[in-house]
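Understanding the architecture of this molecule
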Amino acid sequence: METTYPVSGMTCEHCVAAVTTELGELPGVTRVVVDLVPEGTSTVSVFSNAPVDDGAVAQALDEAGDYALVEPS
């Protein structure tokens with residue numbers, strides 16, 4: 001199962017590594033792929049064997065750094 005999230009605040013490969021590590025530690029997550037858009041909205045794809053709670057994703061992003069889910073407009 002793949003879930004894609006728009007994420008703000010990511011600017012470099014350090015950000016990618018931090019987000020990948022934090023999200024990868026969530027239960028059921030098997031892989032994380034980041035399409036980095038420096039100074040813009042990046043796309044984070046989370047692959048898992050079960051649905052992942054959006055709140056847990058938001059919390060993991062906060063723990064990784066100053067990153068946040070982008071709300072749809």
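For the structure, see preceding data.
First things first, this report covers the structure right here in the doc. (Residues numbered from 1 in each chain as written. Predicted model: local features only at pLDDT ≥ 70, side-chain atom pairs only at ≥ 80, totals over all residues. Heavy atoms only, no water.)

**Brief notes about unusual backbone geometry**
- If you check the backbone angles, glutamate 39 has positive phi at about 65 degrees while not being a glycine.
- Looking at the secondary structure, you find glutamate 39 in the loop between β2 (29-35) and β3 (42-48).
- Relative accessible area serves as the criterion here: at 70%, glutamate 39 is assigned to the exposed category. (Helix = DSSP H or I, 4+ residues; strand = E, 2+ residues; numbered from the N terminus. Buried < 20%, exposed > 50% of the residue type's maximum accessible area, 1.4 Å probe, protein only.)

**Focus on the side chain of serine 48**
- Mapped onto the secondary structure, serine 48 falls in strand β3.
- Judged by its relative accessible area of 5%, serine 48 falls in the buried class.
- Within polar-contact distance, the side chain of serine 48 engages the backbone oxygen of alanine 50 at 2.5 Å.
- Dropping the residues within four chain positions of it, serine 48 is found in contact with Met1, Gly28, Val29 and Thr30. (Polar contact = N/O pair within 3.5 Å; in protein donor to acceptor, adjacent residues only side chain to side chain. Contact = heavy atoms within 4.5 Å.)

**Some words on the pairing of strand β1 (residues 2-8)**
- By the bridge criterion, six bridges tie β1 to β3 in an arrangement that is antiparallel. Among the inter-strand pairings, tyrosine 5 is bridged to a residue of β3, identified as valine 44.
- Note that β1 and strand β4 (residues 68-69) share two bridges and pair antiparallel. Residue pairing for β4: valine 7 is matched across the bridge by leucine 69. (Pairing = 2+ DSSP bridges.)

**Regarding helix α2 (residues 54-64)**
- For α2, the set of buried residues is Val57, Ala60, Leu61 and Ala64. End-on view of α2: buried residues confined to an arc of 100 degrees, all on one side of the axis.
- If you follow the buried residues of α2, they end up packed against β1, α1 (13-24) and β4. (Arc of directions from axis to C-beta.)

**Focus: the sheet that holds β2**
- With antiparallel pairing, four strands are arranged side by side in an open sheet as β2-β3-β1-β4. Each edge of the sheet is formed by a strand with only one pairing partner; in this case those strands are β2 and β4.

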